[in-house]
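Observations on the three-dimensional arrangement
Now for the letters of each chain:
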Amino acid sequence: MRFLLVEDNAELGDAIVARLSLDGHAVDHASTLGEARDWLAVAEYDLMLLDVMLPDGDGRSFLRETRTTERLPVIVLTARSQVSDRVDTLDLGADDYLTKPFDFGELEARCRAVLRRRGTPAPTVIPLGTAQFDPSSGTLTHAGESQPLRNRELRLLEVFARNQGQILSKSQLLDRLFSQDAEVSENAIEVYIGRLRKRLSETGVQIETVRGVGYRMVTP
């Protein structure tokens, strides 16, 4: 998943990015509304985490603005804890509301809940040939044995599993796995593809190279 974090507190922002990145998510961090607009103009996101009080404006006005053009799920992060503040923010179109300070475990849980509500219901376990892939637990089970997957290897397999038969370019895969300011070459995708091929070698599933275009997952 790819997230946009709009938060001017550098320490908190870095902590959120680090925590979500551990789960294999790509996170772009904007510290102002201007930067957030720039990110939205060039990238597609699954979720936005939005602070309310920012150096160049009110996050609630930005929320209202984005609701006219975007269907992007939004979780508002703020120090305001009054019931009226929560009600107003939800009425403006926020999908959820988290009061600072918050536990990172709760933040992750709320992200998952919002994505479930806003997205198309997806199967918990995805059959891949003779194996079963469970994105929620990060495991690939084959012949009664479960292999734990971690971080971007997990996210890459999830992208392929949910787009079986479709050709995905290296740039598309990079976009799903890494933030835009990450200094990563397309060779990184080749490394992760190689790892997945080894894990899937006995399942009947293949990740084909479509020369000059990208990759495609083919299942029997």
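Placed above this text is the structure.
Remember, it's a predicted structure, so these values are computed and weren't measured experimentally.

1. Considerations on the side chain of His25
Positionally, His25 belongs in the loop between helix 1 (10–22) and strand 2 (26–30). By relative accessible area, His25 is classed as buried at 9%. Not counting chain neighbours up to four residues away, the residues in contact with His25 comprise Met1, Phe3, Leu20 and Arg155.

2. Examining the packing of helix 6 (residues 151–161) against helix 8 (residues 187–199)
Across the interface, helix 6 lies against helix 8 with an axial gap of 10 Å and an inter-helix angle of 75°. By the criterion of interaxial angle, the relationship of helix 6 to helix 8 is roughly perpendicular. Taking contact as the criterion, the partners of Arg152, Glu153, Leu156, Leu157 and Phe160 in helix 6 are, on helix 8, Tyr192, Ile193, Arg195, Leu196 and Arg199. Class assignment of the residues belonging to the contact of helix 6 with helix 8 gives a composition of six nonpolar, no polar and four charged.

3. Points about the side chain of Thr203
The residue Thr203 is located in the loop between helix 8 and strand 13 (206–210) in this model. You can call Thr203 buried: its relative accessible area is 3%. Within the structure, Thr203 has its side chain in polar contact with the backbone oxygen of Leu200 (distance 2.8 Å). Among all residues touching Thr203, those that are not within four sequence positions of it are Leu128, Gly129, Thr130, Ala131 and His142.

4. Considerations on the sheet that holds strand 6 (residues 74–78)
With parallel pairing, five strands are arranged side by side in an open sheet as 2-1-3-6-7. Two strands in the sheet have a free side with no partner beyond their single neighbour: strand 2 and strand 7 (96–99). Each strand axis lies, on average, 20° off the axis of its neighbour in the sheet, ignoring direction. Relative to strand 6, strand 3 (residues 47–51) runs parallel, the two sharing four bridges. Within the sheet, the bridge partner assigned to Met48 lies in strand 6 and is Val74.

5. Description of unusual backbone geometry
Look at the link from Lys100 to Pro101: it is a cis peptide, with omega at -10°. Note that Pro101 resides in the loop between strand 7 and helix 5 (104–118). Phi is positive for Ala143, which is not a glycine, with a value near 55°. Note that Ala143 resides in the loop between strand 10 (139–142) and strand 11 (145–148).

6. Points about helix 6
Here helix 6 lies mainly inside the structure; nine of its 11 residues are buried. Those residues of helix 6 that fall on the buried side of the exposure criterion are Glu153, Leu154, Arg155, Leu156, Leu157, Glu158, Val159, Phe160 and Ala161.

7. A short note on the packing of helix 1 against helix 5
Following both chains from N to C, one finds helix 1 and helix 5 inclined at 60°, their axes separated by 11 Å at the closest point. Classified by the angle between their axes, helix 1 and helix 5 sit oblique to one another. Our pair here, helix 1 against helix 5, has a crossing hand that is right-handed. Across the interface between the two elements, Leu12, Ala15, Ile16, Arg19 and Leu20 from helix 1 touch Phe104, Gly105, Leu107 and Glu108 from helix 5. Class assignment for the residues of the contact of helix 1 with helix 5 results in six nonpolar, one polar and two charged.

What counts and what doesn't
Residues numbered from 1 in each chain as written. Predicted model: local features only at pLDDT ≥ 70, side-chain atom pairs only at ≥ 80, totals over all residues. Heavy atoms only, no water. Helix = DSSP H or I, 4+ residues; strand = E, 2+ residues; numbered from the N terminus. Buried < 20%, exposed > 50% of the residue type's maximum accessible area, 1.4 Å probe, protein only. Contact = heavy atoms within 4.5 Å. Axes fitted to C-alpha atoms, helices over the stretch in contact; angles between N-to-C directions. Parallel < 35°, antiparallel > 145°, perpendicular 65-115°, else oblique. Nonpolar A, V, L, I, M, F, W, Y, C, P; charged D, E, K, R; others polar. Polar contact = N/O pair within 3.5 Å; in protein donor to acceptor, adjacent residues only side chain to side chain. Pairing = 2+ DSSP bridges. Left-handed = near helix turned anticlockwise from the far one by under 90°.

Interpretation in functional terms is not warranted from these geometric data alone.
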